[in-house]
Each structure stands twice: as C-alpha cells, then as structure tokens.
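Tertiary structure, described
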Amino acid sequence: MTFGQWIGLLVLGVCLYILWEIRQVLLLVFLAVVLATALNWFQLHLQRLGFRRGRAIAISISLSFFLIAGFFLIIIPPFLQEAQQLGVLIPKGLGRVEQWLDDMNHVLPNTGLDDTPLLNRLVTQLEPFLDRIFNNFFALFSNTLAVLLNTLLVLVLTVMLVINPQPYRNGFVRLFPAFYRSRINAILTQSEQALLAWLAGTGLNMLVIGVVSGLVLALLGVRLVLANAFLAGLLEAIPNIGPALSVIPPMIIAFIDEPWRAAAVLAAYIVIQQLEQYLLVPLVMAKQVDLLPAVTLVSQIVFAIFFGFLGLLLALPLVIVGQIWFSEIVLKDILDCWQAEQPDASTPAEAAVLTDPSEAPPI
C-alpha cells in the first residue's frame, strides 16, 4: 500500500471510531427524522385540505405535543394511584398466602415448610436488593434526567426539521459528488416513502391493539381500561418486548381485585398477540414494508445489544432505510453494473483454449 492509502485507511478508522462514540446522538437524530417525516406528511395533507403552510405546521406540532401530554396525564397518574393501593394491599395478600401455608402445614405436617413468617422471609431476601436500589439512587436520578434531556433534544430537532426541512436535505445531498446527487435525492425520496408506509402500518397496529385490549379489559371488569388500552397500543410500537410489557400493569391491577382475573387478562393478551402476529401483521405489513421475518428478529436482537432500548425501538426503521440504501447503492449501482471483461481470443494460447477440440485442424 502507498502512503496515501495508509493515510486514507487511518482517516476511515478515525471516522468510524467517532461515529461509534456518538452513536446515541445519531440514533436520537434518526428518531427526530422519523418523527419529522410523519409530521411533515400530516402537514402536507392539511395543506391539500386548504390550510396554509404555517397553520398546518402549527397544527401538526401542537397535535404531537398534545399526544405527549396525554400520555403523561392519562397513564402516569392512574398508575401511581394504583401503585399506592398496591403497596397497601401487598401485605394483605402476603398475609393470605402465609395463612394458606400455615393451613397446609397443619394438614400436611411433614411438608417441611418454614415456620418463619412469610413477610419476614421476603424482607430478608429483598434487603440486599433494596440496599442496592438505595445506593444507586443517584444513578437512577441521573438516568431519568438524561432521558428527559434526550426527549427534549428529539422534540427540538423534530420541530426544526418540520419547519424547514429542505436546507437539511440539500446539505446532506451535497456531501456526495455532483454526478451522484440526483441519485441520492431519489434514494432519499424512496426512504421517506418506506418510512411513511412503516409508520402507517405500525399506527394501524397500535390502534387495533389498543381498541381490542380496551374492549377485552372492559369485559373482564379490569379498572383503568383507558390507561391500559392506551399503554397497550403505545407499546405495540416496540416489537416483541412491548406486547410483553403491556400485560404487566393490567395483570397487577386485576390481581388486586381478584386473582383469577389476572390469569384471565394474561390469557386474553396472549390470544390478542397471537391473532395480531398471524392475522394483522401479515395483512398490514406485507402491503407496506417488505421485510423478511428472520431479518427483523435478528436486527432487533443486534440493535438491542449494541444500542440498548433506543436501538430496539428504532430497529425496524433502521433496517428499512438500510435495506433501501444497500439495495440501491451497493446492489444496483455497483454490483449489477460490475461486469467482468470478456476474454480476448487474439493471442494463440487463448485461441487454443477457446477453440472447440472437434474443430481443431488435424496434425
């Protein structure tokens, strides 16, 4: 390798290292781009309905802030109240379990059950865990503050991109050579359409899961139907992990009232998720985004390992955009146009190789 090639390789390594160090910032910027794409699509539709651009942008941004405020107003306060009630009822539930264990010990004296009160045993076992939480309180507070600051950063970037997106797009396109800029612009348009299709499919899934979950919880008599249904629909945006997390709050609330109701909630959510996986997702996503199931699952695992929760949240849109750029640039523009040189039969040796043996002259 020449000296210039070594310098180029060193610069490439430094750039990759810098990108890795700022990977969380890049993910936040990409999240802002996804949100700005959705809001820009919404405000363009408002303009087609007769609204002026400024008013359409104001409506789209206000609607997004109302949704965020609705999340904190609809979900968090009721769950905090239930958490307080749960803190009061947990000792009662433990007392019932302890009484049941005592009855079993009297009926079956040789079961080997410990006579120590159940609540005392649980406190003894949980004491190291509680000490760890108390010692890491500052870390928990700092992480919460970091999440709030990251959320604020994403909102500010989203508003900036929605108000005037063209300069940012033009600046990104100018990073490429002049002869390739029109091609990059076309790829950006294709990526935008794919993201909008994914957002439409995901939004429809969230709406259906939220409505169905709310109806099921209302039929089972579980409290906080609206909050739990809203949470189930919201967590549907997180593949695989979100549906599993959405069942925990309604199960706890149902267990406070009747233990059998918690089992019914779990069974109902399993049925809903199975119907969603085998009916709703193939019907909606097959028409919106062409992703192989194995690629989707592996991408979620990889992004969750390397980038944490934010990577898991953005795994699918990252794969969608990455698939388009790989297909358009690497496959179509490089590999499909890469043709091997045809062998030249002008030399005697190559002519002898290319000549059919049956046509060779007799010696």
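Owing to the predicted nature of the structure, the values given are computational and were not obtained by experimental measurement. (Residues numbered from 1 in each chain as written. Predicted model: local features only at pLDDT ≥ 70, side-chain atom pairs only at ≥ 80, totals over all residues. Heavy atoms only, no water.)

Quick look at the overall build of the protein chain
- Tallying secondary structure elements over the protein chain gives 15 helices and zero strands in all.
- Relative to its full complement of 363 residues, the protein chain shows a buried share of 28%.
- A separation of at least 24 residues holds for 68% of the contacts in the protein chain among residues at least 6 apart in sequence.
- Carbon together with sulfur atoms contributes 72% to the accessible area of the protein chain, which is approximately 24,100 Å² in total. (Helix = DSSP H or I, 4+ residues; strand = E, 2+ residues; numbered from the N terminus. Buried < 20%, exposed > 50% of the residue type's maximum accessible area, 1.4 Å probe, protein only. Contact = heavy atoms within 4.5 Å. Areas by Shrake-Rupley, 256 points an atom, 1.4 Å probe, with all protein chains shown as cover.)

Quick look at the nonpolar core
- Membership of the largest hydrophobic core comes to 34 residues, with the highest contact counts inside it found for Ile184, Leu314 and Trp325.
- Residue contacts for Leu314: discarding those within four places in its chain leaves Leu27, Phe30 and Leu31. (Core = buried A, V, L, I, M, F, W, Y, C linked by side-chain atoms within 4.5 Å.)

With respect to the packing of helix α8 (residues 181-220) against helix α9 (residues 225-235)
- Where α8 meets α9, the axes come as close as 8 Å, and the angle between the chain directions of the two elements is 150 degrees. As summarised for this structure, α8 and α9 are arranged roughly antiparallel, according to the angle between their axes. The two elements α8 and α9 meet at a crossing, and its hand is right-handed. Residues Met206, Ile209, Gly210, Ser213, Gly214, Leu217 and Ala218 of α8 form the contact with α9, whose participating residues are Val225, Asn228, Ala229, Ala232, Gly233 and Leu234.
- Tallied by class, residues from the contact of α8 with α9 come to eight nonpolar, five polar and no charged. (Axes fitted to C-alpha atoms, helices over the stretch in contact; angles between N-to-C directions. Parallel < 35°, antiparallel > 145°, perpendicular 65-115°, else oblique. Left-handed = near helix turned anticlockwise from the far one by under 90°. Nonpolar A, V, L, I, M, F, W, Y, C, P; charged D, E, K, R; others polar.)

With respect to the packing of aromatic side chains
- A full pass over the atoms with the stated rule returns seven aromatic pairs.
- Centre to centre, the rings of Trp20 and Phe306 are 6.2 Å apart; their planes meet at 80 degrees, and the pair counts as edge-to-face. Taken together, the residues Trp20 in helix α1 (residues 3-21) and Phe306 in helix α13 (residues 293-313) connect sequence positions 286 residues apart.
- Assessed through its relative accessible area of 37%, Trp20 is described here as partly exposed.
- An aromatic cluster is present here, built from Trp20, Phe303, Phe306 and Phe307 joined pairwise through their rings. (Phe/Tyr/Trp six-rings, centres within 6.5 Å; stacked < 30°, edge-to-face > 60°.)

What to know about the pattern of salt bridges
- Throughout the structure, instances matching the rule amount to four salt bridges.
- Taking the shortest distance from any N to any O, the salt bridge between Glu192 and Arg169 comes out at 3.6 Å. Taken together, the positions of Glu192 in helix α8 and Arg169 in helix α7 (residues 166-173) put the pair 23 residues apart, joining distant regions of the chain.
- Relative accessible area serves as the criterion here: at 26%, Glu192 is assigned to the partly exposed category.
- Across the pair Glu328 and Lys332 runs a salt bridge whose closest N-O atoms are separated by 3.1 Å. Of this pair, Glu328 and Lys332 both sit in helix α14 (residues 315-335), separated by four residues, roughly a single helical turn.
- Using a relative accessible area of 6% as the deciding quantity, one classes Glu328 as buried.
- Using a relative accessible area of 40% as the deciding quantity, one classes Lys332 as partly exposed.
- Counted as one network, the salt bridges with shared partners bring together Arg183, Glu328, Lys332 and Asp333. (Salt bridge = Lys/Arg side-chain N within 4 Å of Asp/Glu carboxyl O.)

Quick look at the packing of α7 against α8
- Packing of α7 against α8 leaves a shortest axis separation of 9 Å and a crossing angle of 130 degrees. One way to sum up the angle between α7 and α8 is to call them oblique. Crossing of α7 against α8: the hand is right-handed. Note on element contacts: α8 touches α7 through Arg181, Ile184, Asn185, Leu188, Thr189 and Glu192, opposite Arg169, Phe172 and Val173.

Description of the side chain of Asn40
- If you trace the backbone, Asn40 turns up in helix α2 (residues 23-48).
- Setting aside residues no more than four positions away along its own chain, Asn40 makes contact with Pro165 and Glu192.

Concerning α2
- Helix length check: α2 (26 residues) gives 37 Å between terminal C-alpha atoms against 38 Å at 1.5 Å per residue, within 8%.
- Buried residues of α2: Leu27, Leu28, Phe30, Leu31, Ala32, Val34, Ala36, Thr37, Leu39, Asn40, Gln43 and Leu46, and no others.
- Positive backbone phi, at 115 degrees, marks Gly50, one or two positions downstream of α2. (Expected span 1.5 Å × (residues − 1).)

Considering helix α11 (residues 248-257)
- Listed as buried for α11 are Pro249, Pro250, Ile253, Ala254 and Ile256. For α11, the angular spread of the buried residues around the axis is 150 degrees, confining them to a single face. (Arc of directions from axis to C-beta.)

Brief notes about the confidence of the model for the protein chain
- Of all residues in the protein chain, 70% have pLDDT values of 70 or greater, and the mean over the chain is 76.
- Least confident of the elements in the protein chain is helix α15 (residues 348-354), whose mean pLDDT is 44; most confident is α7, at 91.
- Considering only residues more than four positions removed or in separate chains, one finds that residues 112-116, a stretch of pLDDT under 50, has six contacts.
- Low pLDDT (under 50) marks residues 347-363, which in the prediction has four contacts with non-local residues, meaning those over four places away or in another chain. (pLDDT = per-residue confidence, 0-100.)

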